[in-house]
Each structure stands twice: as structure tokens, then as C-alpha cells.
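Summary of the model geometry
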Amino acid sequence: MCGIIGLTHAVQSAHDVYRGLLMLQHRGQDSAGILSWDAATGMFHSKKQLGKVADVFTATDLDRLKGAMALGHTRYSTIGDVKESDLQPIAGVMPIGIGLVHNGNLSNYAALKQSLLAKGRAFLSDNDLEVILHLMSGAFVSSPTAPLGERLIEAARTVMQRAEGGYSVIGILPGLGLFGFRDPHGIRPLIIGERDEADGRKSYAFASEDAALGFVGYRRVRDVAPGELVWVPSVGDEAEELHSRSLVPRGGLPCMFEWIYFSSADANLESVPVYETRLRLGQLLGARVGAALDPSTIDVVSAVPETSRISAIALAETLQRPYREVLIKNRYVQRSFILNGQDKRQVAVSMKFSVVDSVIAGKTVLLVDDSIVRGTTSRKLVQLLRQHGAARVYLASSCPPIRHPCLYGIDFPDRKDLVAAGRPLDAVAQALDADGVFYTTLADLETALGRPFCAACLTGEYAYGAAA
Ligand code: AMP
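Residues numbered from 1 in each chain as written. Predicted model: local features only at pLDDT ≥ 70, side-chain atom pairs only at ≥ 80, totals over all residues. Heavy atoms only, no water.

Our next topic: the overall build of the protein chain. Counting secondary structure elements, the protein chain contains 16 helices and 21 strands. At 23 Å, the protein chain has a C-alpha radius of gyration in line with the 23 Å of a compact globule built from 468 residues. In terms of principal-axis extent, the alpha carbons of the protein chain reach across some 75 × 45 × 40 Å. Here the protein chain, with 468 residues, has 58% of them falling under the buried criterion. Restricting to contacts in the protein chain with at least 6 residues of sequence separation, those with at least 24 account for 69%. Across the protein chain, the 48 positively charged side chains and the 50 negatively charged ones have centroids separated by 3 Å. (Helix = DSSP H or I, 4+ residues; strand = E, 2+ residues; numbered from the N terminus. Rg over C-alpha atoms; globule rule 2.2 N^0.38 Å. Buried < 20%, exposed > 50% of the residue type's maximum accessible area, 1.4 Å probe, protein only. Contact = heavy atoms within 4.5 Å. Lys, Arg positive; Asp, Glu negative; His and termini not counted. Charge placed at Lys NZ, Arg CZ, Asp CG, Glu CD.)

Okay, here's the thing in C-alpha cells:
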């Protein structure tokens, strides 16, 4: 998963992109990058590096990243280790100048790369954005005399027809402007924002989340639709305008995990607020717990900080049981999920949290998390609460059981590593050392979201079929 942003028209767009990236940091902490286009010198400028946004860029860097158009990226590596060569944004200068960032994963990446290699293409990275770059470049070559806007439409159409998976792309096309598109099912998010500039004109931006746009002064216009290309000509002094073309729409199936975990609580995706959805999920889960257990037997409801707190408070209210903070998070320890290797992950979980003993001594605790994936976090936390004196520990997950890998950009591993795959709920509780485990049901998730969504990791039904 990653965070992306692109904007135009500011005198020095890199500064605004930097501020937007700070608001997208939760979508990826492995690396950060900015690419700007400087029309005055006809140059792309870029800086990308492993590390967090605030550590990667200095004020001098941002001054050096000249130009009115810029793209930014925060990376969370879905597959394998993070290599310098895989960092984004990327730029191509042949046969046409183009700068790109993306968020997502191509499920037919290997097949596409093979077919491009067979045509004599070469690669500098293992990043699937490079496949998108090749597909777009090929389309630009095939119609060299058509107007640039027409060639961009063909390039985006080619990607959507050939690339399967979840992907949102933002790009700079020097000579035309800024553009953004989403895969035919709109699995990964992409929002358009508009801003009134000091000279009275409007300018536009794209980003993974509207909260990041708001931070840089843009109002939310709308989501880019599934299979839609949107572009903003912004060359010379012309007023910027949004242009759009629906290219390969196949029905919207945005990833449900954006609402459950990934997006910031103040974001709105597809006009469905993340905060309200998390509240609703907590209420529905509370009703399920209340139907299975006598609520008075639960002494304390608590959250695994931070994402699940909204649902946990709503769940406690529904059960009319006290909500308390039981786990204190050390915010300086690296996020456990991103570490490679199960051992490292387990150590990280125990370093990440300390326990407020006085709240749980001799008590029955219901611990709410947004999701249980491998079960590493839950298992460790149940053990930790028991060591600190809890009499009983129940777990509740606001995401339904994850039983299938994600092919579209979230690091949900092989079935064999997913604790809920092939196990009935009491066996999951046993594997997690808990006295019981409760999950949101798929039906409750449908109620909470009130719209169709990609649930491949829950059902095994993939929008593009199984991986190529
Ligand atoms: P696990 O420990 O493997 O069961 O993962 C579940 C925990 O990791 C929960 O506390 C989630 O908040 C968090 N989590 C779930 N999915 C992701 C993800 N894709 N990236 C980072 N953290 C995640």
C-alpha cells in the first residue's frame, strides 16, 4: 500500500506535495519521494529515499525540486524487501517525457513483464509501475502525430485493458499537464481536489485521501471513477479545467480495508466517511457480542491503538460496558507489520505496547482490533494481558475473517499464514490463546459500508479472477 499525491499550478509545487505527503505517511513509511517538472528548463527533478517524509526532505531539497507540477509518494512495500531501485516516483524520457506514481499492485505483473521483455524492453526495477510506464510509452509511440491529449487517452486505455489488479496512477505529461486514473474496478482510491489560487484561477490536485488534499488547501471535488482518466491541461497561462473520459469502467469495487484500517479516520472515500463507518462497525460488532455473551460478564472494553479505537468505543457503548485504555503504545517503535520475518514481528509487538495493570488486574477484558491477519499481534497481546493479571481475554475484530491473500496491494500473505484460513472460530480463538473471538460478519460490513466493495480477501472471489 502507498500514499500518492500530485498537483499543479503552485509556483513551487514540491512544498505543497511535501505537506500532503506528511498527511499520507500512515499509508507507507518505508520510503518517500517527490518528482517535479520544471517547464522553464525542461527538466524533471527528483529526490526519493528510504525513510519517513520528514527525514527524507530538507528545505533545501524542496527548493531544488523546482516546477509548477509535482508528484509525491510514500511507500509501503507489499511484496518483498524495499530496494532503492523500486522507489517512486519514476520518470521516463523516451519516447516521451512522463512522470508517474502509483498505489496498488498488478496481479498479472509477471506475465506483462515477460511479454514486454520478449519485445526487447528492459527494466530498471521490480516495481510494477515500470510495467505501467512501458505500456503507456508503447501507446504513445503507436500514434506519434495525434494530439497529446488523444495519445494520453490511448495510453491510459492500454494500461486499463492489459493491467489487472488494483492501481491508482497520477502522472505528469510535460506539454499537457497533470493526470490521474484508476483501475477498471476502482480498487485503490484516488480523489480530485480543487483550490482557488491568489490570481483568481482554479488549480487541481489528485491524492489517495481527501484529508491530505484538505491539508494543502484543496476542496474535495469527487473520486476518480473506476476505469476513468481525468486530466488537467496546465501549460502556459490557460485556465486549468478538468477533462475526463470513462475508458474501461467495470463497476466499482473499492477495497473495504481502506475503511477498516488503511485510510485516515478523517478521510471520505466514495463519499462514505471512514469515521462513521468505523463507528457503525463497532455498533454492529457490539450487537453480535451482546447476542453471544452476557455483557455484564465483560469488565472492560479496550482497543489495540490506534485504528480500532473508534470501533472499540462504539462497541463498548452498545454493550453499555466501560471503555478503558489498557495498552499504551510506544510510538517510536517501528510498525510491527512491516518487519520481515515472523520472529522480528513478534519481538516488535512486545516492544510496541505496555500495559496499564491497574485497569485489568483480575478482570475480563474484551480487546478490539481492526483486523486479525496472521494473528501475531493478537496472540502476543492476549499473552501480555494475561501476564499483567487479566482473568479472561476476549478478542473482537472489526474486519471479518481474512482467509485469502490480497492480490491488489495489501500485504495479506499466503493462506497458510492467515490465522482464520481453514479454521472454525473456536480454533482461531485457541490459536490466539483467547477465551473467545468475535468477528464482524460480511453482512454487517455490507450494512456499514452501504455500497459494493472488493472483499476478495474475505471470500476468495477476485475481481479480475485468480492471479495470472
Ligand atoms: P497480524 O498481527 O498479522 O494479525 O496483523 C494484524 C494487526 O496488524 C492489526 O493490529 C492491524 O491493525 C495491523 N494491520 C493489519 N493489516 C495491516 C497492513 N496491511 N499493514 C500494516 N498493519 C496492518
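What follows deals with the site of the ligand. Close to the ligand lie 17 residues; D369, D370, V373, G375 and T377 are nearest. For the ligand, a nitrogen atom lies 2.9 Å from a polar atom in the side chain of Y261. Protein burial of the ligand: of its 500 Å² of free accessible surface, 94% is covered by the chains. Counting residues per element, the ones that place at least two in the shell around the ligand are α8 (257-262) and α13 (376-387). The leading source of residues in the shell around the ligand is α8, at three residues. (Near = heavy atom within 4 Å. Polar contact = N/O pair within 3.5 Å; in protein donor to acceptor, adjacent residues only side chain to side chain. Areas by Shrake-Rupley, 256 points an atom, 1.4 Å probe, with all protein chains shown as cover.)

By size, the foremost hydrophobic cluster in this structure holds 58 residues, and its most contacted members are I34, F57, M256, F257 and I402. Counting only domains with at least three residues in this core, you end up with domain 1 (3-252) and domain 2 (273-459). By size, the runner-up hydrophobic cluster in this structure holds 34 residues, among which are F123, V159, L173 and L247. (Core = buried A, V, L, I, M, F, W, Y, C linked by side-chain atoms within 4.5 Å. Domains from an automatic or database assignment.)

Spatially, β16-β19-β20-β21 is the arrangement adopted by the four strands of the open sheet, whose pairing is parallel. The open sheet is flanked by β16 (300-303) and β21 (436-439), the only strands paired with a single partner. When strand polarity is set aside, the average angle formed by the axes of neighbouring strands in this sheet is 20°. As paired elements, strand β19 (residues 364-369) and strand β20 (residues 392-397) share six bridges and run parallel to each other. When the sheet's bridge partners are listed, V368 is paired in β20 with A396. Helix α10 (residues 309-319) contacts β16, β19 and β20 of the sheet and is inclined by roughly 165° relative to β16. Set on the sheet, α13 makes contact with β19 and β20; between it and β20 the angle comes to about 155°. (Pairing = 2+ DSSP bridges. Axes fitted to C-alpha atoms, helices over the stretch in contact; angles between N-to-C directions.)

Further remarks concern the environment of L315. Secondary-structure assignment places L315 in helix α10. Linking L315 and D16, residues 299 residues apart in sequence, is a C-alpha distance of 38 Å. Not counting residues within four places of it along the chain, the set of residues in contact with L315 comprises G282, Q283, L285, G286, V301, L366, V368 and A396.

You can read the domains of the protein chain as domain 1 (3-252) and domain 2 (273-459). One C-alpha centre belongs to domain 1, the other to domain 2, and the line joining them spans 34 Å.

Counting buried residues along strand β10 (residues 202-207), five of its six residues qualify, which places the element largely inside the surrounding structure. As defined by bridge partners, strand β1 (residues 2-7) adjoins β10 across three bridges and the pair is classed as antiparallel. The residue bridging I5 from the neighbouring strand is A207, located in β10. Between the antiparallel neighbours strand β9 (residues 191-196) and β10 lie five residues, among them G200 with a positive phi of about 90°.

This structure, assessed with the given rule, holds zero disulfides. As a non-bridged cysteine, C399 has C457 as the owner of its nearest cysteine sulfur, 5.9 Å distant. The buried category is assigned to C399, whose relative accessible area is 1%. Residue class for C457 comes out buried when judged on its relative accessible area of 8%. (Disulfide = S-S within 2.5 Å.)

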